[in-house]
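Here is what each chain is made of, one letter per residue.
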Amino acid sequence: MSTAMIFVGLILSTILATASNSWLLAWLCLELNTLSILPFISKTKHPRAIEAATKYFLTQATASCLLLLAGTLNAWLAGTWDMTQMSNKLTSTTMLIALTMKMGTVPTHFWLPEVLQGSTLLTALLISTWQKIAPMSLLFIMSNNIQPTFALTLGLLSTTFGGWGGMNQTQLRKMMAYSSIANMGWTVITLTHEPKASMINIFTYIILTTPTFLLMALTSTKTLQNMTTMWSTSPLATTTMALLLLSTAGLPPLTGFLPKLIIMNELVTQNLTPLATMTMMTSLLTLSFYLRTTYLTTLLNPPSSTTSATKWRQKMTKNKTMILLPTATTSTFMMPALIP
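Keep in mind the model is a prediction, meaning the values are calculated, not measured.

With that out of the way, let us pick up empty space enclosed by the protein. Summed over all chains, the structure comprises 3 cavities of 30 Å³ or more. Taken as a whole, the largest cavity holds about 90 Å³ of empty space. Taken together, T159, S179, A182, N183, W186, T248, A249, K260, T282, S283 and T286 make up the full set of residues lining the largest cavity. Listed by contribution, the elements that provide at least two residues to the lining of the largest cavity are α9 (172–189), α12 (235–249) and α14 (273–299). It is α9 that provides the largest number of residues to the lining of the largest cavity, a total of 4 residues.

This is how it looks when you write it as structure tokens:
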């Protein structure tokens, strides 16, 4: 019963934050949202989970302080708490830093890999997807008042560090965290020029990440070593996992390529071709570690006599597979058909 109430609070706080028009109400809803997710992170009662919950709380509390500071300064200068009235550069930049800290972008991204690694797969799914909706909605509302140069710099740094950080990871949750950082870079980089493209990108990422984490949870897959024997649990789920990973990396003609194509087109239209070229080059870093993971999942046949212990896992039931696979397959192939 208590878990259900906390989950309802998590959903309601996000909905109220996205529907609010006042920075004070948005700050209150984001605080409720943070307090609602903390019990899920620390539920396992493991020292690593407690550490992850502490790091998440401190980071979100710092971001909330910055958000409240920016909102108060704006109310003092403009005489209103209205989100659309942020003409001052200091307040808009401070608000951008606060909201990007909540989502996990460079330079305030260091908490995300550690928090995801200390959480369960389903909690990591919530942090990677649902917890980004409210801050992203607030950024969309104030997108007209964000300084373009600052947003472009944050976006390029996030795509670069997200790609480099995921290159050397063997833990899938950390790899997905760095992938999230890189994806948030793609979202922020076009926020001031075409905010609708940013929303398309973040929701496409959520659609692709959700079945990916669910497949990991159902097959008890947490490391690259586990990926090498995932085919023995469910070959069909393994194939779908590979397609989801490639789609998240933005490999054409899969779903994840569509928002990147839209963002590249917008950057070139705004005469930012050098920035678009650098962003595409950084996306190759993300593609490289996703290709490595896909290779381990589908193309590598592990030796019959292994020198290390193989993780035991329960076989996926037919019902679980039949429920999840249509969703994952549809999310992988649906959107390219919409390209004219």
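Moving on from the model shown.
Let us look at the side chain of T91. As for its placement among the helices and strands, T91 is situated in helix α4 (residues 89–103). Discounting residues that sit within four places of it in the chain, T91 has contacts with A70, L73, N74, L77 and M86.

Mapped onto this numbering, the UniProt entry gives "transmembrane region" (unreviewed entry) at residues 57–78, 90–112, 146–164, 199–218, 230–252 and 321–339. Along residues 146–164 the backbone is 89% helical and 0% strand, and the end-to-end C-alpha distance reaches 27 Å. With 100% helix and 0% strand, the stretch residues 199–218 has end C-alpha atoms that lie 29 Å from each other.

Attention now goes to the pattern of salt bridges. Here the structure, examined in full by the defined rule, presents 3 salt bridges. The salt bridge involving E114 is made with K55; its shortest N-O contact spans 4.0 Å. Highlighted residues: E114 in helix α5 (residues 111–117) and K55 in helix α3 (residues 47–78), separated in sequence by 59 residues. We classify E114 as partly exposed; its relative accessible area is 34%. Across the pair E114 and K174 runs a salt bridge, and its minimum N-O distance is 3.5 Å. Here E114 is found in helix α5, whereas its partner K174 is found in helix α9, with 60 residues between them in sequence. Here the salt bridges share partners, and the residues they tie into one network are E51, K55, E114 and K174.

Here we come to helix α7 (residues 133–141). Most of α7 is tucked away, with 7 of its 9 residues classed as buried. Listed as buried for α7 are I133, A134, P135, M136, S137, L138 and L139. Contacts from the buried residues of α7 go to α1 (2–19), α2 (23–41), α4, α9 and α10 (195–218).

Let us now look at unusual backbone geometry. The omega angle of the peptide bond from V106 to P107 is 5 degrees, so this bond is cis rather than trans. Along the polypeptide, P107 turns up in the loop between α4 and α5. Note the cis peptide between P252 and P253, where omega equals 5 degrees. Position of P253 among the secondary structure elements: in the loop between α12 and α13 (257–269). If you check the backbone angles, K45 has positive phi at about 60 degrees while not being a glycine. Turning to its location among the elements, K45 is positioned in the loop between α2 and α3.

The N-to-C vectors of helix α8 (residues 148–166) and α14 enclose an angle of 25 degrees; their axes lie 8 Å apart at closest approach. With respect to their mutual orientation, α8 and α14 come out roughly parallel. Handedness of the α8/α14 crossing: left-handed. Facing α8, whose interface residues are L152, L156, T159, T160, G162, G163, W164 and G166, α14 presents L275, M278, T279, T282, L285, T286, F289 and R292. Among the residues forming the contact of α8 with α14, the class breakdown is 7 nonpolar, 8 polar and 1 charged.

With that settled, consider the packing of helix α6 (residues 121–128) against α10. Packing of α6 against α10 brings their axes to within 9 Å, and their N-to-C directions diverge by 175 degrees. Between α6 and α10, the crossing angle belongs to the class labelled roughly antiparallel. Residue-level contacts link L121, L122, A124, L125 and S128 of α6 to Y205, T209, T210, F213, L214, M216 and A217 of α10. Taken together, the residues of the contact of α6 with α10 break down into 9 nonpolar, 3 polar and no charged.

So, about the packing of aromatic side chains. Following the criterion strictly, the structure yields 3 aromatic pairs and no others. With 6.3 Å between their ring centres and 80 degrees between their planes, F7 and F40 make a pair best called edge-to-face. Taken together, the residues F7 in helix α1 and F40 in helix α2 connect sequence positions 33 residues apart. In this structure F7 comes out as partly exposed when scored by relative accessible area, which is 37%. Aromatic side chains Y56 and W111 sit 5.6 Å apart centroid to centroid with 70 degrees between the ring planes, which places their arrangement in the edge-to-face category. With Y56 in helix α3 and W111 in helix α5, this pair connects stretches of sequence that are 55 residues apart. Each of the two residues, Y56 as well as W111, counts as buried.

A cluster of nonpolar residues, V8, L12 and I15, forms a patch on the protein surface that exposes about 260 Å² of accessible area. On the secondary structure map, V8 appears in helix α1. We classify V8 as partly exposed; its relative accessible area is 44%.

Calculation rules
Sequence order sets the numbering: in each chain, residues are counted from 1 along the sequence as written. Given that the model is predicted, a residue must reach a pLDDT of at least 70 before its local features are reported, and side-chain atom pairs must reach 80 or more before they are shown or counted; all residues, however, enter totals for whole chains, interfaces and linings. Computation of side-chain values: all heavy atoms of the structure, hydrogens and water removed. Here a cavity is any set of points on a 1 Å grid over the protein atoms alone where a 1.4 Å probe fits but cannot get out, and a pocket is any open set with protein on both sides within 12 Å along at least 5 of 7 lines; a residue lines the site when it has an atom within 4 Å of a point. Grid points are joined across faces, edges and corners, and a volume is the space filled by probe spheres set on the points. Strands are runs of DSSP state E lasting at least two residues, helices are runs of H or I lasting at least four, and both sets are numbered from the N terminus onward. When checking whether two residues touch, look at their non-hydrogen atoms; a contact exists if any pair is within 4.5 Å. UniProt positions are given in the numbering used here, feature names are shortened, and annotations may be inferred rather than shown by experiment. Each salt bridge in this description consists of a side-chain nitrogen of Lys or Arg and a carboxyl oxygen of Asp or Glu lying within 4 Å of one another. Burial classification: accessible surface area is computed with a 1.4 Å probe over protein chains only, and a residue below 20% of its type maximum counts as buried, one above 50% as exposed, and the rest as partly exposed. Between N-to-C directions, angles cover 0 to 180 degrees, with each direction set by a line fitted to C-alpha atoms, over the stretch in contact for helices. By definition in this entry, angles of less than 35 degrees are roughly parallel, angles greater than 145 are roughly antiparallel, angles of 65 to 115 are roughly perpendicular, and the rest are oblique. Two helices that cross are described as forming a left-handed crossing if the nearer one is turned anticlockwise from the farther one by less than a right angle, and a right-handed crossing if clockwise. For this classification, the nonpolar set comprises Ala, Val, Leu, Ile, Met, Phe, Trp, Tyr, Cys and Pro, the charged set comprises Asp, Glu, Lys and Arg, and every other residue, Gly included, is treated as polar. Ring geometry is summarised as follows: Phe, Tyr and Trp rings, the Trp one being its six-membered ring, pair when their centres sit within 6.5 Å, and such pairs are stacked at plane angles under 30 degrees, edge-to-face over 60 and tilted between the two. In this analysis, a patch consists of residues with relative accessible area above 30% that form no salt bridge, clustered at 9 Å for like charges and at 5 Å for the nonpolar side chains Val, Leu, Ile, Met, Phe, Trp and Tyr. The Shrake-Rupley method, run with a 1.4 Å probe sphere, supplies the accessible areas, and residue values consider only the shown protein chains as cover.

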